[in-house]
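Coordinate analysis (summary)
Residue-level listing of the chains:
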Amino acid sequence: GQEAIAACSRHIQAIFDHALASGNERERQSALWLAGRLPHSHMDDETRAGRPDLQDTLRRRWDAAKMDEALDRSAGLLGEASQSTAGLEAFMDSLELAEFHAQQAADAEGAAGRARAEELLAALQSPLAEHFAEMLRKGQLLELETALGVLGNA
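Residues numbered from 1 in each chain as written. Predicted model: local features only at pLDDT ≥ 70, side-chain atom pairs only at ≥ 80, totals over all residues. Heavy atoms only, no water.

On a plain count of helices and strands, the protein comes out with eight helices and zero strands. Ordered by position in the sequence, the α and β elements of the protein form the string α-α-α-α-α-α-α-α. For the protein, whose C-alpha radius of gyration is 21 Å, the value lies well above the compact-globule estimate of 15 Å for 154 residues. Along the first, second and third principal axes, the C-alpha atoms of the protein reach 75 × 35 × 20 Å. For the protein, with 154 residues in total, the buried portion stands at 29%. By sequence separation, contacts in the protein at least 24 residues apart represent 63% of the contacts at least 6 residues apart. Total accessible area on the protein is roughly 9500 Å²; 53% of this is exposed by carbon and sulfur atoms. (Helix = DSSP H or I, 4+ residues; strand = E, 2+ residues; numbered from the N terminus. Rg over C-alpha atoms; globule rule 2.2 N^0.38 Å. Buried < 20%, exposed > 50% of the residue type's maximum accessible area, 1.4 Å probe, protein only. Contact = heavy atoms within 4.5 Å. Areas by Shrake-Rupley, 256 points an atom, 1.4 Å probe, with all protein chains shown as cover.)

Shown next, in the form of C-alpha cells:
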C-alpha cells in the first residue's frame, strides 16, 4: 500500500511540476486536488503532527512560484514606478501580491521573498524621492498627494 501511495505521489508531483513550468493553471489545480485525495500514511497522529502532507507541500511550492512571479513583475516595474503614479501603483500592487504569497510559502522561500521585496523597495527609494522632489518643484501638488496616497495605502 505504501509503495502505491509513494508512486502516486511521485506522479502527482510530476504533473504539478509540469503545470508550474508550463503555467497550466487547470493542471496545477488538478494535481493539488489529486494530492488531497491520497490517503495519509499509516503513521499515528502524533508522528504525523507538524508534517505537511503532499497537498500542503505542493500548495506552498505554488505560493513560492507565484511570489517569484510577482517579485519579477515588481522588478520590471521599478523604472516606471519611479516616474509615474500609475507605475508606482502597479509596482506596489505586485509587491503586495508577492508578500501575500510569501506568507503562504514555506519559511525559507517566504523569507527569501521578503528579503527580495525589501531590496526592491530600497532600490526604488532614491529615484522615487527625486521624482517627488521634481513634482514639488513643478508645483504638481495634487499628483504628489496622489502618489503619496499610493504609498500610504500599501
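Structure's up, so let's keep going.
Glancing now at the packing of aromatic side chains. Using the criterion set out here, one finds zero aromatic pairs in the structure. Stacked on the ring of Trp-62, the Lys or Arg Arg-28 has its end atom at 4.1 Å from the ring centre. (Phe/Tyr/Trp six-rings, centres within 6.5 Å; stacked < 30°, edge-to-face > 60°. Lys NZ or Arg CZ within 6 Å of the ring centre and 35° of its normal.)

In contact at an axis separation of 8 Å, helix H1 (residues 2–22) and helix H2 (residues 25–37) are set at 155° when each is read in the N-to-C sense. It follows from the interaxial angle that H1 and H2 lie roughly antiparallel. As for how H1 packs across H2, the hand of that crossing is left-handed. Residues Ile-12, Ile-15, Phe-16, His-18 and Ala-19 of H1 lie in contact with H2, whose contacting residues are Glu-27, Arg-28, Ala-31, Leu-32, Leu-34 and Ala-35. Residues of the contact of H1 with H2, tallied by class, amount to eight nonpolar, one polar and two charged. (Axes fitted to C-alpha atoms, helices over the stretch in contact; angles between N-to-C directions. Parallel < 35°, antiparallel > 145°, perpendicular 65-115°, else oblique. Left-handed = near helix turned anticlockwise from the far one by under 90°. Nonpolar A, V, L, I, M, F, W, Y, C, P; charged D, E, K, R; others polar.)

Take a negative patch on the surface next. Negative charge collects at one region of the surface, where Glu-89, Asp-93, Glu-96, Glu-99 and Glu-118 lie side by side. For Asp-93, the position within the fold is in helix H6 (residues 85–104). On the accessibility criterion, Asp-93 (47% relative accessible area) is partly exposed. (Patch = residues over 30% accessible without salt bridge, like charges linked within 9 Å, V, L, I, M, F, W, Y side chains within 5 Å. Salt bridge = Lys/Arg side-chain N within 4 Å of Asp/Glu carboxyl O. Lys, Arg positive; Asp, Glu negative; His and termini not counted. Charge placed at Lys NZ, Arg CZ, Asp CG, Glu CD.)

Okay, the environment of Ala-86 next. Position of Ala-86 among the secondary structure elements: in helix H6. For the pair Ala-86 and Ala-70, spaced 16 residues apart in sequence, the C-alpha separation works out to 17 Å.

Time to look at H6. Relative to the 28 Å expected for 20 residues at 1.5 Å per residue, H6 spans 29 Å between its end C-alpha atoms, a close match to the ideal helical length. Residues Gly-87, Leu-88, Phe-91, Met-92, Ser-94, Leu-95, Ala-98, His-101 and Ala-102 constitute the buried set of H6. Packing partners of the buried residues in H6 comprise helix H4 (54–76), helix H5 (78–81), helix H7 (107–137) and helix H8 (141–153). (Expected span 1.5 Å × (residues − 1).)

Before going further, it helps to spend a moment on the packing of H7 against H8. Packed helices, taken two at a time, are described by the angle between their axes plus the distance between the axes. Two elements in contact, H7 and H8, have axes whose closest approach is 8 Å; the angle formed by their N-to-C orientations is 150°. Here H7 is positioned roughly antiparallel relative to H8, judged by the angle of their axes. Handedness of the H7/H8 crossing: left-handed. The segment H7 lies against H8, with Leu-128, Phe-132, Met-135 and Leu-136 engaging Leu-141, Glu-143, Leu-144, Ala-147, Leu-148 and Leu-151.

Our focus in this paragraph is a nonpolar patch on the surface. A cluster of nonpolar residues, Ile-15, Trp-33 and Leu-34, forms a patch on the protein surface that exposes about 280 Å² of accessible area. Inspection of the secondary structure puts Ile-15 in helix H1. Taking relative accessible area as the criterion, Ile-15 reaches 34% and is therefore assigned partly exposed.

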